[in-house]
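Tertiary structure, described
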Amino acid sequence: MNTRVAAPRRVIVAITGASGAIYGIRLLHALRRVGGIESHLLVSGAGWLNIQHELQLTKDDVHPLADVVHSVRHIGASVASGSFSTHGMIVAPCSMKTLASIAHGLSDNLISRAADVTLKERRRLVLMVRETPLNLAHLRNMTAVTEMGGIVFPPVPAFYSKPASLDEMVDHTVARAMDLLALGPSLAPAWEGLNGAA
Ligand SMILES: Cc1cc2nc3c(=O)[nH]c(=O)nc-3n(C[C@H](O)[C@H](O)[C@H](O)COP(=O)(O)O)c2cc1C
């Protein structure tokens, strides 16, 4: 009898100081719902600022949503090494500063180091970049990350799904981002086409 239990798939979630902290929080909830996933959470200092400002949540509220929480200053953490196997990483939301750091391979904190490792190990990296309007540095950094194999996924809401609430709108975007990690069957409802359209 094979008594080996399948190891949980590890997903790294980083929340940085761009507007839209709710994306990272809803993502943690969604990963819990999928099951069989070990989430590793990294939150930058500015990320905590925005979590507090936009959602009025504290560390005590957020930490229990993840399986493992790492300080972004702990550069010796497991997720800093490619030998620590993960399924991929999502930065939700991703500030232009963190985007720049990843695009230039700076590895100057645990978030950009974990992203660097994810890219070098050819694992999935999804960046929910959020800024508007965009300057040339932002655009060039997005191009660079795309050339390295990362996926630039601005959390642009889809109105065709006719969301009834902000949570529904956010959850639709989160499901689309999670689908890019290929964790299992699609979480976002498939577009069936317009009835009666020409
Ligand atoms: C309330 C607030 C909203 C912000 N929104 C954005 C944003 O949408 N996009 C962005 O790139 N930076 C935004 N910033 C600036 C970043 O937080 C700042 O550049 C920070 O240094 C990013 O650091 P991090 O990437 O380590 O989190 C915002 C800052 C604050 C205080």
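Residues numbered from 1 in each chain as written. Predicted model: local features only at pLDDT ≥ 70, side-chain atom pairs only at ≥ 80, totals over all residues. Heavy atoms only, no water.

What about the packing of aromatic side chains?
In plain terms, the rule: Side-chain rings of Phe, Tyr and Trp (the six-membered ring for Trp) are treated as a pair once their centres are within 6.5 Å; stacked means planes under 30 degrees apart, edge-to-face means over 60, and tilted covers the remaining angles. For a lysine, the NZ atom is tested; for an arginine, the CZ atom; a charge sits over a ring if that atom is within 6 Å of the ring centre and within 35 degrees of the ring normal.
Counted under the stated rule, the structure contains zero aromatic pairs. The ring of Phe 84 has Arg 10 sitting right over it, with the charged end atom 4.0 Å from the ring centre.

Side note on the pairing of strand S5 (residues 124–129)
Note the following rule: Only protein chains enter the accessibility calculation, which uses a 1.4 Å probe; a residue is then buried when its area is under 20% of its type maximum, exposed when over 50%, and partly exposed in between. Only DSSP runs of H or I reaching four residues or more are called helices, and only runs of E reaching two or more are called strands; each is numbered from the N terminus. A pair of strands is treated as paired once DSSP finds two or more bridges between them. With the strands aimed away from the viewer, a crossover counts as right-handed if its path from the first strand over the helix to the second runs clockwise.
Most of S5 is tucked away, with five of its six residues classed as buried. Bridge analysis of strand S4 (residues 88–94) against S5 gives five bridges, and the strand direction is parallel. The partner of Met 89 across the bridge, within S5, is Leu 125. Judged from the two bridges that link them, S5 and strand S6 (residues 151–152) form a sheet pairing that is parallel. The residue of S6 that forms the bridge with Leu 127 is Val 152. With helix H6 (residues 136–147) bridging S5 and the parallel S6, this β-α-β connection has right-handed handedness.

As for the pattern of salt bridges
Under the convention used in this document: Criterion for a salt bridge: a side-chain nitrogen of Lys or Arg within 4 Å of a carboxyl oxygen of Asp or Glu.
Under the defined criterion, the tally for this structure stands at seven salt bridges. Between Asp 116 and Arg 113 there is a salt bridge, and its shortest N-O distance comes to 3.8 Å. Here the residue Asp 116 and the residue Arg 113 both occupy positions in helix H5 (residues 110–120), the gap between them amounting to three residues, near one helical turn. Assessed through its relative accessible area of 21%, Asp 116 is described here as partly exposed.

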